[in-house]
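In case you want the letters, here they are:
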Amino acid sequence: MFSLTHWQNNPTWENWVGYVQATPEQKLIPDTVAAIQDIVKTARQHGKRIRVTGAAHSFSGCAQPEEIALSLHHMRGLIEVNKEAQEATLYAGTYLYEIGDALREHGLALENMGDVQAQTLAGAVSTATHGTGISLGSIANQVVAWEWVDGCGKLHQHRRGDPATDELGNALHASLGMLGIFTKLTIRVVPMYGLKEQNQRLEFADAVAQFEQGIHQHRHLEWFLFPGTHKLQQKTLSVIEPKPMSRRQKMKDSFDSRLVLNGAFYLLCELARKFPSYVLKVSQISANSIPNVQREGYSYEVFPTPRGVKFNETEYFIDLNDFTACITEVNEALAKDIKGSHFPIEVRTHKGESGMLSPTQGRDCAVLSFHVYQGMDCEPLFNWVNDYMKKWHARPHWGKVNKLDAAEIRHLYPQLKRFLEIRADYDPDKVFINRWLEQKFMV
Ligand SMILES: Cc1cc2nc3c(=O)[nH]c(=O)nc-3n(C[C@H](O)[C@H](O)[C@H](O)COP(=O)(O)OP(=O)(O)OC[C@H]3O[C@@H](n4cnc5c(N)ncnc54)[C@H](O)[C@@H]3O)c2cc1C
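Residues numbered from 1 in each chain as written. Predicted model: local features only at pLDDT ≥ 70, side-chain atom pairs only at ≥ 80, totals over all residues.

**Q** Please provide a residue-by-residue account of the overall build of the protein, values included.
**A** The helix and strand inventory of the protein stands at 14 helices and 20 strands. Compactness check: the protein gives a C-alpha radius of gyration of 21 Å against a globular reference of 22 Å for 443 residues, within 12% of the reference. Here the C-alpha coordinates of the protein stretch approximately 60 × 45 × 45 Å along the principal axes. A total of 443 residues make up the protein; the buried ones form 45% of that total. (Helix = DSSP H or I, 4+ residues; strand = E, 2+ residues; numbered from the N terminus. Rg over C-alpha atoms; globule rule 2.2 N^0.38 Å. Buried ≥ 20, exposed ≤ 12 C-beta atoms within 10 Å, placed from the backbone.)

**Q** Any chance you could break down helix 2 (residues 33-45) for me, citing the residues and the numbers?
**A** For helix 2, built from 13 residues, the straight-helix expectation of 18 Å at 1.5 Å per residue is met to within 8% by its first-to-last C-alpha distance of 18 Å. Along helix 2, the positions that sit buried rather than exposed are Ile-36, Ile-39, Val-40 and Ala-43. Seen from one end, helix 2 has its buried residues packed into an arc of 95 degrees, which puts them on one side. The exposed set on the far side of helix 2, more than 90 degrees from its buried face, consists of Ala-34 and Gln-45. On its buried face, helix 2 is in contact with strand 3 (26-28), strand 4 (50-53), strand 5 (68-71), strand 9 (143-149) and strand 11 (181-188). Two residues or fewer after helix 2 comes Gly-47, characterised by a positive phi angle close to 65 degrees. (Expected span 1.5 Å × (residues − 1). Arc of directions from axis to C-beta. Contact = placed C-beta atoms within 7 Å.)

**Q** An account of the site of the ligand is needed here, citing residue identities and associated values.
**A** Lining the immediate environment of the ligand, one finds 32 residues, of which Gly-54, Gly-114, Gly-123, Gly-177 and Gly-399 sit closest. Elements that contribute at least two residues to the shell around the ligand include exactly strand 4, helix 4 (121-126) and strand 11. The biggest single contributor to the shell around the ligand is helix 4, with four residues. (Near = placed C-beta within 6 Å.)

**Q** Give me the pairing of strand 14 (residues 220-226): which residues, what numbers.
**A** Counting buried positions along strand 14 yields seven of seven residues, so the element is predominantly enclosed. The two faces of strand 14 match: His-220, Glu-222, Phe-224 and Phe-226 on one face and Leu-221, Trp-223 and Leu-225 on the other face are all buried. Judged from the seven bridges that link them, strand 14 and strand 15 (residues 231-240) form a sheet pairing that is antiparallel. The residue bridging Glu-222 from the neighbouring strand is Lys-235, located in strand 15. Relative to strand 18 (residues 345-350), strand 14 is paired through three bridges, and the arrangement is antiparallel. Opposite Leu-225, over in strand 18, you have Ile-345 as the bridge partner. (Pairing = 2+ DSSP bridges.)

Everything listed here is a matter of geometry and, on its own, says nothing about what the molecule does.
Next up, the structure:
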């Protein structure tokens, strides 16, 4: 979680896992749109680059601030709700964990969420952060209107039009802060709902056979495949009447997170880190201890899971039609050589969307995420994933590690050239470009 004290007292900046670091010349926390406009105008005059950062939960260098780091920590909260249109306008710096309660007061909720809620709304939108569900898109897809300050300090508003013709909306959709600093976002919301979570252990072959049916039967379906074991945890979420999570469940979650995530799983991770020959054993122990967890509550209470153990992550989106072939090869390859990581491979689904830089552009997708425990060597697994995924024309999650170069990215994103033209209109002097963006997009 973002800490204001850490931001103010520490000259350095680092991401959640600590692998991406920076020592920006200035760290600023504006509290008005006018203050942001002044900062941008001054930076442009002096040839300085700005990176606005959210909760630093990206694993990639997309948020790395090299000269001026900006936090919108003082620009948070719900501004207005249009219940009839089912839209809510929020300050861009609002943390996702602040949205659930604020919307519930109006009988509303977010359509979908990922598995943590420490991110800011703008950060999550900018990288197209997603949950799981084949009928559901990313949080970027929920945005119906943007307000932002461009690279000249000018304030803009845009309301999303027909995705077939709305070029600016499709450029803003997942734009990594390259068109400017979002100050307000209006999102499409839904009537509040409850969720019931169920988990079960499945043999890999059985799970694959049931997958197609499962993703249509359950609003949310997710796998955690334990490498080298041919076993997985299948988690499903079904919609129920909205009701708060019981105190007992909250206490159990908190106990489990302390004992299981920070306790038992942490010790297993440390075992694997200190003795890499135990990596497969740790994966087997984890697969054999899949808990039969059942949880119920308001949607925003059930979506997030506590993450007590830190890791690094890479993630790719493939065409849903390729999923069975791809996951079968992944499972076989990791059974032969576990590539140094015991962490389960997460599998989710995602509806196709229209953003020019959206990893799901134009196709429904399966999403595969690969994790390596903090302090362990990511290279063997991440290098293999990066090369292997080329076979499937897989697109990377912008907030996670990817090793693609600009030519490969250009090939995967047919509208990139147009995106960069639109980008240049709003930020001609590259105030919002850092080295990572330069390398990936050759801006
Ligand atoms: C433990 C963990 C779990 C995660 N789970 C998921 C998950 O379930 N699903 C998923 O898809 N991703 C997941 N992620 C990735 C994460 O959701 C994204 O990387 C997200 O962008 C992080 O949000 P943030 O607020 O920390 O933004 P940052 O990482 O700080 O920034 C992300 C990008 O947004 C830009 N940005 C931030 N604020 C603004 C603004 N006001 N205007 C314009 N641009 C802005 C930044 O410049 C940067 O390019 C997870 C990450 C972690 C560490």
